[in-house]
Amino acid sequence: MKPAAVDSRILALAAQVTESSDRDVPVLLLKLKEILNSTSLGSKESQKVKQDLYYYNLVQYCMLVLKQDYSRLPGGWATAAQLSEILSQCCVGLEVKEDPEEFYNKLLPSAVDNLLFLGRRLQARFIRAIKDEEKSEFLRCFRTVTDAICWLFGGHIQLTECVLQSNHFLQLLITDDVETATAMMSMLQNILRANSSVLLHVDEKILHSVLDELVYKLSSTTNPVTGNAATKVLLSVAESHPQLVELLSTRYKGLRTLLSKQWAGKGFDRNLNQLSDLLYSESCRKGEMQRLHQAACLIQAVWRGFLTRKRLKTLPIAVTALQRSFRAKRKQELQHLKRLKEDETLRQQLQLQRQRAMRLFHERQLTLLEIVHAGQVDRYIQEMEGKAALTIQRHWRGYRTRRKVHQQRQSLKQHKAAVTIQRAASQMAEEMSKELHRQAQEKLAQYLLRSSLDRRAEQRREALLAQVNTDMELLMSAPSLMEATEKDLDVFMSRSVPVACKARQSHNTMLKYTRWPWWKKLGDEFMDDDMIPDDVLNTEFGTLFIGGSKSS
């Protein structure tokens, strides 16, 4: 028999969806509703149309576009609600013959998850909406999406477990809004109608979370609509399996009292009485079991008491050991408290000594300031700051020298280790000897490289020191400004205009540097010689001119 031809509308729509942008795809997919409605429900033509839609990936497009933000798309969130209806209508009654696992294990669970995610977004916008028109529109779209989900798991019962295990479902259920909460409890009741044993197959944590939310709604609100919906769901849960009745009676012991006191006479007494009777029968059975359990516990307690008294009579040493252990533990606790007290006392004493030392230091400074003449205060402070700076520099240089010596010791150890390895190489295998020889050569090369860098840094320091000493001798031997002649001035002047400008600039920089506070000048002393850039050293050499010639 010749297979039926594909509907031309499906081919045209598939081509348009493929060539259109993501913004225009949702509006194009709305044409699927007309195609689906053109065939009667459950007929062979309808089945053929759904298979063609699936094979041309139009169903997959419907599922994927549900995650878009419809606030800026044509049609808004109403388009998303219509697409949810179209998706559920396409999936229900569809029989996939080629690769059915892709459809049942991947596409359908993803469709449920996307629909629940769309429901969360609509619920959030409904709660935030202020105008009545917006709230009614979002509520209508939300109910359309929940109906689409119910229609979907009604056609595929295995999806009821996927709905309950989704994080979006629990987030939708946990809300204080009456309309959306009622819609979600109605969906939960439809799930139990479609698959009454689904709660026994979901994770225990999910089951407890759902039941906790239902009981919380009964205890935290007085709205009869919410109370009626929660009571119906709990009644469906209790009627689905006796094990769930036992869970309700055990986990929520005051539920029956809450139902009778808070919700009696609110218009749904029939469901309320049925749920109370189920809980009462279970509570009576639990009461008998509890009485037997208490009797068994009493018998066991009497028997354990008899054995304990008998053991204490025959083993008096146990009491002595217990007392000894108690005294030792108490002694340890007292010693610990005493040690903590001593530590606290020592800390307070140290703090007091620091305060006294600081007070004595300030008093000494004030006394010295009173003794020193007012005109020499600045000079005295500069001398004290200079001494402090020298002390800090001396400690820093000592630390830097010790660190270099330690590094040299490490390099010497590595060199000795390399020599030892080389000596023992004749007794080892050829491959191991080659590897050890390579490692020793690498260590030796690193050591020689570091030694070369240290020698270059030392030569650079010596050159700078020699240049500074030469400049100091010329400056010290120079006459004063009042006695200087033009010949003396020519010694310190350059005939080159750029050199003179650079010298003036360096002079101004040094004058500014001398006016800095003493603590700002300490930063240069804490720099390693190896970290000084070469261009800075070249600048120092290049900008110093003596006797009219550039010193290099």
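Residues numbered from 1 in each chain as written. Predicted model: local features only at pLDDT ≥ 70, side-chain atom pairs only at ≥ 80, totals over all residues. Heavy atoms only, no water.

Section: the overall build of the protein chain
As a reminder, the rule being used: Note on conventions: DSSP H or I runs of at least 4 residues are helices, E runs of at least 2 residues are strands, and numbering of each starts at the N terminus. Here's how the labels work: a residue is buried when its accessible area is under 20% of the maximum for its type, exposed when over 50%, partly exposed in between, all with a 1.4 Å probe on protein chains only. Whether two residues touch is decided by their heavy atoms; if any such pair falls within 4.5 Å, the residues are in contact. To measure how exposed things are, a 1.4 Å probe is used in the Shrake-Rupley method; for residues, cover is taken only from the protein chains shown.
For the protein chain, the count of helices and strands is 23 helices and two strands. For the protein chain, the proportion of its 552 residues judged to be buried stands at 30%. Restricting to contacts in the protein chain with at least 6 residues of sequence separation, those with at least 24 account for 74%. If you sum the accessible surface of the protein chain, you get close to 37200 Å²; carbon and sulfur atoms cover 56% of it.

Remarks on the pattern of salt bridges
Quick note on the threshold: Throughout this description, the term salt bridge denotes a Lys or Arg side-chain nitrogen within 4 Å of a carboxyl oxygen of Asp or Glu.
Considering all chains together, one arrives at 11 salt bridges under this definition. The partner of Glu442 in a salt bridge is Arg438, with the nearest N and O atoms 2.5 Å apart. Placement of both Glu442 and Arg438 in helix H19 (residues 430–477) is noted, with a separation of four residues, approximately one turn of the helix. On the basis of relative accessibility, which here comes to 38%, the residue Arg438 falls in the partly exposed class. Among the salt bridges present, the one from Arg461 reaches Glu458, with a minimum N-O distance of 2.6 Å. Remark: Glu458 and Arg461 occur in helix H19; sequence separation between them is three residues, near one turn of the helix.

A short note on unusual backbone geometry
In terms of backbone geometry, most residues other than glycine have negative phi values and most peptide bonds are trans. Located in the positive-phi region is Asn57, a residue other than glycine, with phi close to 65°. Residue position: Asn57 is located in the loop between helix H4 (44–55) and helix H5 (58–64). A positive phi angle, close to 55°, is found at Asp99, a residue other than glycine. Along the chain, Asp99 falls in the loop between helix H6 (76–91) and helix H7 (100–128).

Digging into the side chain of Thr160
Definition in use: What qualifies as a polar contact is a pair of N or O atoms within 3.5 Å, subject to a donor-acceptor requirement within protein and to the restriction that residues adjacent in sequence count only when both atoms come from side chains.
Take Thr160: it is sitting in helix H9 (residues 159–165). By relative accessible area, Thr160 is classed as buried at 0%. At a separation of 3.4 Å, a polar atom in the side chain of Thr160 contacts the side chain of Asn195.

Comments concerning the packing of helix H13 (residues 224–240) against helix H14 (residues 242–251)
So the rule is basically this: Every angle, taken between N-to-C directions, lies between 0 and 180 degrees, and every axis is a line fitted to C-alpha atoms, over only the stretch in contact when it is a helix. An angle below 35 degrees is treated as roughly parallel, one above 145 as roughly antiparallel, one from 65 to 115 as roughly perpendicular, and anything else as oblique. Under the convention adopted here, Pro, Cys and the residues Ala, Val, Leu, Ile, Met, Phe, Trp and Tyr are nonpolar, Asp, Glu, Lys and Arg are charged, and Gly plus all remaining residues are polar.
Close contact between H13 and H14 brings their axes to 5 Å; oriented N to C, the two are set at 125°. By the criterion of interaxial angle, the relationship of H13 to H14 is oblique. Each of Leu234, Val237, Ala238 and Ser240 in H13 lies in contact with H14, whose residues at this interface are Leu244, Val245 and Leu248. The class makeup of the residues in the contact of H13 with H14 is six nonpolar, one polar and no charged.

A look at the confidence of the model for the protein chain
Note the following rule: Think of pLDDT as the predictor's per-residue confidence, scored from 0 to 100.
Overall, the prediction assigns the protein chain a mean pLDDT of 81, with 88% of residues at 70 or greater. When the elements of the protein chain are averaged for pLDDT, strand E2 (residues 549–550) gives the smallest value, 39, and helix H8 (residues 132–155) the largest, 90.

Structural notes on the packing of aromatic side chains
How we decide: Only Phe, Tyr and Trp rings take part, Trp by its six-membered ring, and two of them pair if their centres are within 6.5 Å. Stacked means planes under 30 degrees apart, edge-to-face means over 60, and tilted covers everything else. Two conditions define a charge located above a ring, namely a distance within 6 Å from the ring centre to NZ of Lys or CZ of Arg, and an angle within 35 degrees of the ring normal.
Per the stated rule, a full pass over the model turns up seven aromatic pairs. Between Tyr54 and Phe103, the ring centres sit 5.5 Å apart and the planes meet at 85°, which makes this aromatic pair edge-to-face. In this pair, Tyr54 is assigned in helix H4 and Phe103 in helix H7, connecting sequence segments 49 residues apart. Looking at Phe103, the relative accessible area reads 0%, which means it is buried. Ring plane angle 35° and centroid distance 5.7 Å describe the contact between Trp303 and Phe306, whose orientation is recorded as tilted. Placement of the pair is Trp303 and Phe306 together in helix H16 (residues 269–314), with a separation of three residues, close to one helical turn. The exposed category is assigned to Trp303, whose relative accessible area is 51%. Site record: aromatic cluster; members linked through ring pairs are Tyr54, Tyr55, Phe103 and Tyr104. Over the aromatic face of Phe126 sits the side chain of Lys135, whose NZ or CZ is 4.2 Å from the ring centroid.

Examining a nonpolar patch on the surface
Applied cut-off: Only residues whose relative accessible area exceeds 30% and that form no salt bridge are eligible for patches; like-charged ones are grouped when within 9 Å, while nonpolar side chains (Val, Leu, Ile, Met, Phe, Trp, Tyr) are grouped when within 5 Å.
A surface patch of nonpolar side chains, about 260 Å² in accessible area, is lined by Leu11, Tyr55 and Tyr56. Its place among the elements puts Leu11 in helix H1 (residues 8–19). Since its relative accessible area comes to 38%, Leu11 is described here as partly exposed.

Here we look at the packing of helix H12 (residues 204–220) against H13
To be explicit about the condition: The sense of a crossing depends on the near helix, which, turned anticlockwise from the far helix by less than a right angle, makes the crossing left-handed and, turned clockwise, makes it right-handed.
Here H12 crosses H13 at 140°, and the two axes come no closer than 9 Å. When you trace H12 past H13, the crossing you get is left-handed. Here Leu211, Leu214, Lys217 and Leu218 of H12 lie close against H13, whose contacting residues are Thr226, Gly227, Ala230, Thr231, Val233, Leu234 and Val237. Grouping the constituent residues of the contact of H12 with H13 by class yields seven nonpolar, three polar and one charged.

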